[in-house]
Structures are given as structure tokens and as C-alpha cells.
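Structure assessment
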Amino acid sequence: MKTLGERLRYIRLRRSLSQAELGQRSGVSPITIARIESGVRKAPHPRTIRMLAAALDVDPGWLLFGEGGDVVTPSRT
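Residues numbered from 1 in each chain as written. Predicted model: local features only at pLDDT ≥ 70, side-chain atom pairs only at ≥ 80, totals over all residues. Heavy atoms only, no water.

**Digging into the overall build of the chain**
In terms of regular secondary structure, the chain is built from 5 helices and 0 strands. Its helices and strands in sequence order give the chain the pattern α-α-α-α-α, from N to C terminus. In the chain, which comprises 77 residues, the proportion classed as buried is 36%. Contacts spanning at least 24 positions in sequence make up 54% of the contacts within the chain whose residues lie at least 6 apart. As presented, the chain carries roughly 4,600 Å² of accessible surface, and 52% of it is formed by carbon and sulfur atoms. (Helix = DSSP H or I, 4+ residues; strand = E, 2+ residues; numbered from the N terminus. Buried < 20%, exposed > 50% of the residue type's maximum accessible area, 1.4 Å probe, protein only. Contact = heavy atoms within 4.5 Å. Areas by Shrake-Rupley, 256 points an atom, 1.4 Å probe, with all protein chains shown as cover.)

**Some words on unusual backbone geometry**
Trans is the common state for peptide bonds, and a negative phi is the common state for residues other than glycine. One non-glycine residue, Ser16, lies in the positive phi region at around 60°. Among the structural elements, Ser16 can be located in the loop between helix 1 (4-14) and helix 2 (19-26). Residue Ser16 is classed as exposed on the basis of its relative accessible area of 62%. Positive phi, close to 60°, is recorded for Asp57, a residue that is not glycine. Along the chain, Asp57 turns up in the loop between helix 4 (46-56) and helix 5 (60-65). Overall, the relative accessible area of 22% leaves Asp57 in the partly exposed class.

**Considering helix 3 (residues 30-38)**
Of all the residues in helix 3, the buried ones are Thr32, Ile33, Ile36 and Glu37. The arc enclosing the buried residues of helix 3, seen along the axis, measures out at 135°, which places them on a common side. Opposite its buried face, helix 3 presents the exposed residues Ile31 and Ser38, each directed more than 90 degrees away. On its buried side, helix 3 packs onto helix 1, helix 2 and helix 4. Just downstream of helix 3, Gly39 is the residue with a positive phi angle, here 90°. (Arc of directions from axis to C-beta.)

**Concerning the side chain of Ser26**
The topology assignment puts Ser26 in helix 2. In terms of polar contacts, Ser26 uses its side chain to reach the backbone amide nitrogen of Val28, at 3.1 Å. Those residues in contact with Ser26 that sit more than four places away from it in its chain are Ile33, Met51, Leu52 and Ala55. (Polar contact = N/O pair within 3.5 Å; in protein donor to acceptor, adjacent residues only side chain to side chain.)

Don't take any of this as a statement about function, it's just geometry.
Put into C-alpha cells, the structure is as follows:
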């Protein structure tokens, strides 16, 4: 996965979340999530990245840059 949007979509689907559900968990609007995933919004605010990463249980560095291999922390059960 080369882009932030690809990684965000990958981990969101791996966690079995819709954009609306991720929006509720993270406090980020589903429209913003859709724009990031589609590549329309390429450089979201750092706070947005932190909120999404926390809601998805991943490292913000992985979400932004793909650092640290695959998903860094386990999924919520």
C-alpha cells in the first residue's frame, strides 16, 4: 500500500468498520474519511491522523508512511 488513503481503507475494512462507524469512533467526519481514502485529501491535519489511528488501534506512523510493517497493534474484539 503506497498511500495514506490505501492504508486507511485497508485497516478500516480489516476492522470491519464502515466509514460512518469509523467516524463515530474517531470523531472524524465520514466525508473526511472518504476524501482521505479516495486521495482527494492527501495531507490531513496531524490531529486527524492521530484520531483515526487511535480509533483503529494503529500507529500514526504506519497510517501516514507505512512504517513498522503491517498493522502495529491488534484489532479490537
